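Listed below, chain by chain, are the residues.
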Amino acid sequence: MRQIRSFLTITAAAGVFAAAATAGAQTYPTGTDPRDALASGRLDAGVAAKGMSLVSFTTKPAQFDTARGLTFANSDLAFGGDYVYQGNFAGFTIWDVRDAAHPKIVSVIKCTTSQGDPSIYGTLLFISAEGNGNRKDCGSGGVQKPEDHMAGVRIFDVSDPANPRFVMNVETCKGSHTHTIVPHPKKKDVIYLYVSGSQAARPNTELAGCVNGDDPADESNSLFRLDVIRVPLDHPERSTVVTGARIFTGLDAAPRAAGRPARGRPAPTAPGAAPAPPPAPTGPRNCHDVTVYPERHLLAGACGSYGLLVDIRNPEKPVRLSAVADTNFSLWHTAVFSNDGRKVVFTDEWGGGTSPMCQKSSMMEMGGNTTVTISDDRKFTQHAYFKIPSAQTAQENCVSHNGGLIPVPGRDLMAQGWYQGGVNVIDFTDADHPFEVGYFDRGSIDPSPLGADVPVTPAPATPPAGGRARGTIGGSWGAYYFNGYIYSSEIDRGFDVLELKPTDQLSANEIAAARLVRFENYNPQSQPRLVWPAAFPVVRSYLDQLVRNQGLAAARTTAIDQALTAAEAMSGRDRRRALTALAAEVDKDVAGAKDAARVRTMAAEIRRLAAASR
Amino acid sequence: MLQRISRPTAPRTTAAVLFAALALACAPRATVQSAASPVADAAPAAHDMSSMAGGHAGHTMTGLDAPVTIPPGALFVEADVRFMQGMIAHHAQAIYMSRLAEAHRANPRLQRFAIKIDQSQTTEIHQMQGWLRANGQFVPDTSSYHTVMMPGMLTPEQIAQLDGANGPDFDRAFLVLMIQHHEGALMMVKDLFATPRAGQDVDVSVFANDVVAVQTAEIGLMRQMISSIPQGRP
């Protein structure tokens, strides 16, 4: 386990300036990691795992089976009931995962749509479309006439998963690299899609009303806004682009050191000094994606050079609350809230996901995660960095990518995909000390050329045999916990289902407690609040954590464990009485405990369990 | 075969090492097939850049004028190929600039930022070369930046200005010139997407959009860094 200890106790306003200075030179830990030097291979690569195991691996459907660059790459996942929806640059796959050991393909829809990130709401499937080659009719072969070009969100009806039905294309000015579902705060029959588009605004000849303007505050400017689509669930064919969310306005001046000019021309210091900086807006005009936490009316935007905190009480008029920037981040890429909404993990997609940025020599404070806390007045403070602690090869595209929470009570745990860096589980309970709990990793798809570590030298025009000739893009696009399993979208190889395994860092009780949290739909960028039922594994999770962190004297944790075991053997009123008595005992432990807060929470959980016993 | 050079050494070279490398660079230019590394390319002194004067005119384009043949069924067009070829030269110059940072006593934060540009664009050059190779096109190496002038690239005078500065003066020159350089890259992408039928190949489209996202973000950071440079003489 490794943390980068750069305690950035700076405020968001000073973030840009303090970050790099406090982060010292970080190196990969010495010693061997089982992930180092795994054998390469597309379908037979070496595997290393800790704290999780592979339940099943299923190759791509034949329709998408190619290793040719990004074409036909798998993208993100969405979850609904018994099905997992897997996007692909050329369509999507619906998996039946009732038997996690044998996922079955229910349908494969071919529809050229980079990058094809999906989300599901009820029976509607939404697919992001960007890129100049996408056609309204889903066909391949490219766009011959500009009016055939489709960029925005495609809507499908998947009430019959075996026969998805196309509903409509909703076109947006900047296309849709990703999108996020935001439920209407009151109306059950309306949802919004926040659309992150990575392109410039499309020409008027393609889509009327689009404007590439310079002024972020200008309402007619399509460039500096998040597009918003309103979807009436009863009539999805009437979905429309309703407004633009101007969360970037004024951002070019936001995160600067106190007392310094926002931008400004430095005085020349000598003849021949550098010319004045060119004037232009500098703030972002797009988020790679945004994560919403509807329960708390909050949005965390991963927006190029900034991480943003936004109030979405009115989904059509979101208001920016805070912004943080960091020269150590290349491209703020995605965000995950802690369940209490007080923390955010941001990822940095340095190298765009197609480059090997987890090599021994790659900077540790780049291309990983950063933890940020949210204060009472809803401002960001940046804390620490985290990057996978195993050096990947030059053959492995690797950088921090998508993930989501694992519902272990009392801890902030997340699963995350790192492309060919594999999948891992990170504990970010302490924002200053995120650490790795487990991982699953395969060797590179392509064989290693002559043991070269860092690809400084451009490959010659004729590549050596076995060299980085293909540079296949692969690995985990995203890894997400859903109803008991971690699902990972393997870009090139297919579809992985993983299971958590107990270790000294994660107990069987914690894993059992996580399994008690069930969702019908799950879209990782629209975070549901995790709620645990009153249950023994939940109480025991807290107890295990107190044992692990020595938050309570060993004699007491042993006694509580025995009392819980005794109570569990009882039923009805006896169980209730025993648990109520135990809760009263645990109340008394609070005072002398090192981790008093956790003991208090455990007492409350025991009471809740008592109340549920009848 | 691949020349193995540990990447971090270049930005951390002392001035003496850098000058030693400069001398090496006076050796005849690497040919396209010899896979000159950006490290070796990072070495030439300002006077060596004079060959860039005039951009395309009167100079070999290290093969960039090689004909482009589009195979049947391909989604890419000539503009995509030219974009990928030209961007290699563009990136190579950014790497050259970045590798001056340490020897010219840039502030530590700028040095880290320069390493980031170096590492990022080195791998992107590999990507572009991989794409060109996979599609049967001419693959320029990094030496192409001596002879190819793309939007935003530094003139010999600007290179001389950068190479002649130290400390805060270097920081300022670097940031101003790298902003200019990045904005040129954005222009190249804009031109690409404005070309009919171009940018439809998924790999080209993803790459070009990444260039925009990353370099736009970096321009913002560089503007912020400019405002933090100490005013007046150190």
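Each value, and the rule that gives it
- Counting restarts for each chain: residues are numbered from 1 in the order of the written sequence.
- Whichever chain is written first is A, and whichever ligand is written first is 1; the rest continue in order.
- Two thresholds apply to this predicted model, a pLDDT of at least 70 for residue-level local features and 80 or more for giving and counting side-chain atom pairs, whereas whole-chain, interface and lining totals are computed over all residues.
- Side-chain figures throughout are based on the complete set of non-hydrogen atoms in the structure, without hydrogens or water.
- Note on conventions: DSSP H or I runs of at least 4 residues are helices, E runs of at least 2 residues are strands, and numbering of each starts at the N terminus.
- Burial status follows relative accessibility: with a 1.4 Å probe on protein chains alone, a residue under 20% of its type maximum counts as buried, one over 50% as exposed, and anything between as partly exposed.
- Contact criterion: two residues are considered in contact whenever any of their non-hydrogen atoms come within 4.5 Å of each other.
- Where accessible areas are quoted, they stem from the Shrake-Rupley method and a 1.4 Å probe; at the residue level, only the protein chains shown are allowed to cover.
- Two cysteine sulfurs form a disulfide in these notes if their separation is within 2.5 Å.
- Two strands qualify as a pair provided that DSSP identifies no fewer than 2 bridges between them.
- Note on method: axes are straight lines fitted to C-alpha atoms, helices fitted across the in-contact stretch only, with angles between N-to-C directions ranging 0 to 180 degrees.
- Two rings belonging to Phe, Tyr or Trp (six-membered ring only in the last case) form a pair when the distance between their centres is within 6.5 Å. Interplanar angles under 30 degrees mark stacking, angles over 60 mark edge-to-face geometry, and anything in between is tilted.
- The criterion is that NZ of a Lys, or CZ of an Arg, lies within 6 Å of the ring centre and within 35 degrees of the ring normal, and then a charge sits over that ring.
- What qualifies as a polar contact is a pair of N or O atoms within 3.5 Å, subject to a donor-acceptor requirement within protein and to the restriction that residues adjacent in sequence count only when both atoms come from side chains.

### Brief notes about the overall build of chain B
Stage number 1. Secondary structure summary: chain B contains seven helices and zero strands in total.
Stage number 2. Helices and strands in chain B line up, N terminus first, as α-α-α-α-α-α-α.
Stage number 3. In chain B, which comprises 234 residues, the share counted as buried stands at 63%.
Stage number 4. Taking all contacts inside chain B whose residues are at least 6 apart in sequence as the whole, residues at least 24 apart take part in 80%.
Stage number 5. Accessible surface, chain B as shown: approximately 8100 Å² in total, 63% of it carbon and sulfur.

### Considering the overall build of chain A
Stage number 1. Scanning chain A for helices and strands turns up six helices and 30 strands.
Stage number 2. Of all intrachain contacts in chain A linking residues separated by at least 6 positions in sequence, the fraction that spans at least 24 positions is 62%.
Stage number 3. Total accessible area on chain A stands at roughly 21200 Å², and carbon and sulfur atoms take up 52% of it.

### Quick look at the state of the cysteines
All names here are of chain A.
Stage number 1. Summed over the entire model, instances satisfying the criterion amount to four disulfides over all chains.
Stage number 2. A sulfur-sulfur distance of 2.1 Å marks the disulfide that ties Cys173 to Cys210. Residues Cys173 and Cys210 are joined through a disulfide that is left-handed, its torsion about the S-S bond being -85°. Taken together, the residues span a long stretch of sequence, with Cys173 in the loop between β10 (165–171) and β11 (178–183) and Cys210 in the loop between β12 (190–196) and β13 (226–232) at a distance of 37 residues. Each member of the pair, Cys173 as well as Cys210, is classed as buried.
Stage number 3. Residue pairing for Cys287: its cysteine sulfur links by disulfide to Cys303, the two sulfurs lying 2.2 Å apart. One quick way to see it: the torsion about the S-S bond of Cys287 and Cys303 is about 70°, and its sign makes the bridge right-handed. In this pair, Cys287 is assigned in the loop between β14 (240–245) and β15 (289–293) and Cys303 in strand β16 (residues 298–303), connecting sequence segments 16 residues apart.
Stage number 4. Residue Cys287 is classed as buried on the basis of its relative accessible area, which comes to 1%.
Stage number 5. Listing the disulfide partners of chain A by sequence rank of the bonded cysteines yields 1-2, 3-4, 5-6, 7-8.

### With respect to the sheet that holds β11(A)
Residues and elements named next belong to chain A.
Stage number 1. Strand order in the open sheet formed by four strands is β11-β12-β13-β14, and the pairing between neighbours is antiparallel. Both outer strands of the open sheet, β11 and β14, are each paired with one neighbouring strand and no more. With direction set aside, neighbouring strand axes in the sheet form an average angle of 30°.
Stage number 2. Where β13 meets β14, five bridges bridge the pair, whose relative direction is antiparallel. Each bridged residue has a counterpart across the sheet, and for Leu226 the counterpart in β14 is Ala245.

### Re the packing of aromatic side chains
Stage number 1. By the definition in use, this model includes 22 aromatic pairs over all chains.
Stage number 2. Between the aromatic rings of Phe329(A) and Trp332(A), the centroid separation amounts to 4.7 Å while the plane-to-plane angle is 55°, which identifies the pairing as tilted.
Stage number 3. With relative accessibility at 1%, the residue Phe329(A) sits in the buried group.
Stage number 4. A ring pair is formed by Phe76(B) and Trp131(B), whose centres lie 5.1 Å apart and whose planes are at 70°; its orientation type is edge-to-face. Here Trp131(B) lies in helix α4 (residues 108–134) and Phe76(B) lies in the loop between α2 (38–41) and α3 (78–98), a separation of 55 residues in the sequence. Of the two residues, Phe76(B) and Trp131(B), both sit in the buried class.
Stage number 5. One aromatic cluster is present, built from ring pairs that chain together Phe79(A), Trp95(A), Tyr480(A), Phe482(A), Tyr485(A), Tyr487(A), Phe495(A) and Tyr522(A).
Stage number 6. The cationic tip of Arg35(A) hangs over the ring face of Tyr439(A); the distance from NZ or CZ to the ring centre is 3.6 Å.

### Some details on the environment of Ala173(B)
Stage number 1. Among the structural elements, Ala173(B) can be located in helix α6 (residues 167–194).
Stage number 2. Between the alpha carbons of Ala173(B) and Asp163(B) there is a distance of 9.3 Å; along the sequence they are 10 residues apart.

### Details of the pairing of strand β8 (residues 124–129) of chain A
Residue and element names in this part refer to chain A.
Stage number 1. Among the six residues that make up β8, six are buried, leaving the element largely enclosed by the rest of the structure.
Stage number 2. Of the two faces of β8, the one holding Leu124, Phe126 and Ser128 and the one holding Leu125, Ile127 and Ala129 are both buried throughout.
Stage number 3. With five bridges connecting them, strand β7 (residues 115–121) and β8 associate as antiparallel partners. Along β8, the bridge assignment pairs Gln115 with Ala129.
Stage number 4. When β8 meets strand β9 (residues 152–157), the two strands line up antiparallel, connected through six bridges. Each bridged residue has a counterpart across the sheet, and for Ser128 the counterpart in β9 is Val153.

### Quick notes on the environment of Pro524(A)
All names here are of chain A.
Stage number 1. As for its placement among the helices and strands, Pro524 is situated in the loop between β30 (521–522) and α3 (536–548).
Stage number 2. On a C-alpha basis, the gap between Pro524 and Leu77 in space is 8.3 Å, while along the polypeptide they are 447 residues apart.
Stage number 3. With residues up to four places along the chain from it excluded, the contact list for Pro524 reads Leu77, Phe79, Thr291, Gly403 and Tyr480.

### Some remarks on the sheet that holds strand β4 (residues 83–88) of chain A
Residues and elements named next belong to chain A.
Stage number 1. The strand order across the open sheet formed by five strands is β6-β5-β4-β3-β30, and the pairing between neighbours is antiparallel. Looking at which strands have only one partner, the edges of the open sheet turn out to be β6 (104–110) and β30.
Stage number 2. Pairing between strand β3 (residues 74–80) and β30: two bridges, direction antiparallel. In the sheet register, Gly80 faces β30, and the bridge partner there is Asn521.

### Re the pairing of β11(A)
Stage number 1. Most of β11(A) is tucked away, with five of its six residues classed as buried.
Stage number 2. The hairpin turn running from β11(A) into β12(A), its antiparallel successor, is six residues long.

### Description of the side chain of Lys116(B)
Stage number 1. With respect to the secondary-structure elements, Lys116(B) resides in helix α4.
Stage number 2. Of the polar contacts made by the side chain of Lys116(B), one reaches the backbone oxygen of Thr327(A); its length is 3.5 Å.
Stage number 3. Sequence-distant contacts of Lys116(B), that is, excluding residues within four places in its chain, are made with Thr327(A), Phe329(A), Ser330(A), Trp350(A), Met363(A), Met366(A), Glu218(B) and Leu221(B).

### Side note on the side chain of Gln85(B)
Stage number 1. Within the element layout of this structure, Gln85(B) appears in helix α3.
Stage number 2. Of the polar contacts made by the side chain of Gln85(B), one reaches the backbone oxygen of Phe138(B); its length is 2.9 Å.

### Observations concerning unusual backbone geometry
Stage number 1. Omega for the bond connecting Ser114(A) with Gln115(A) falls within 30 degrees of zero, at -5°, which places this linkage in the cis form.
Stage number 2. Within the element layout of this structure, Gln115(A) appears in strand β7.
Stage number 3. Of note, Gln550(A) is a non-glycine position whose phi angle comes to about 50°, a positive value.
Stage number 4. Turning to its location among the elements, Gln550(A) is positioned in the loop between α3 and α4 (554–569).
Stage number 5. Taking the relative accessible area as the measure of exposure, Gln550(A) reaches 60% and is therefore exposed.
Stage number 6. In the Ramachandran plot, Arg197(B) falls in the positive-phi region, its phi being about 70° despite a non-glycine side chain.
Stage number 7. Position of Arg197(B) among the secondary structure elements: in the loop between α6 and α7 (202–228).
Stage number 8. Look at Arg197(B) and you get partly exposed, because its relative accessible area is 30%.

From the geometry alone we can't say anything about function, so treat these as descriptive.
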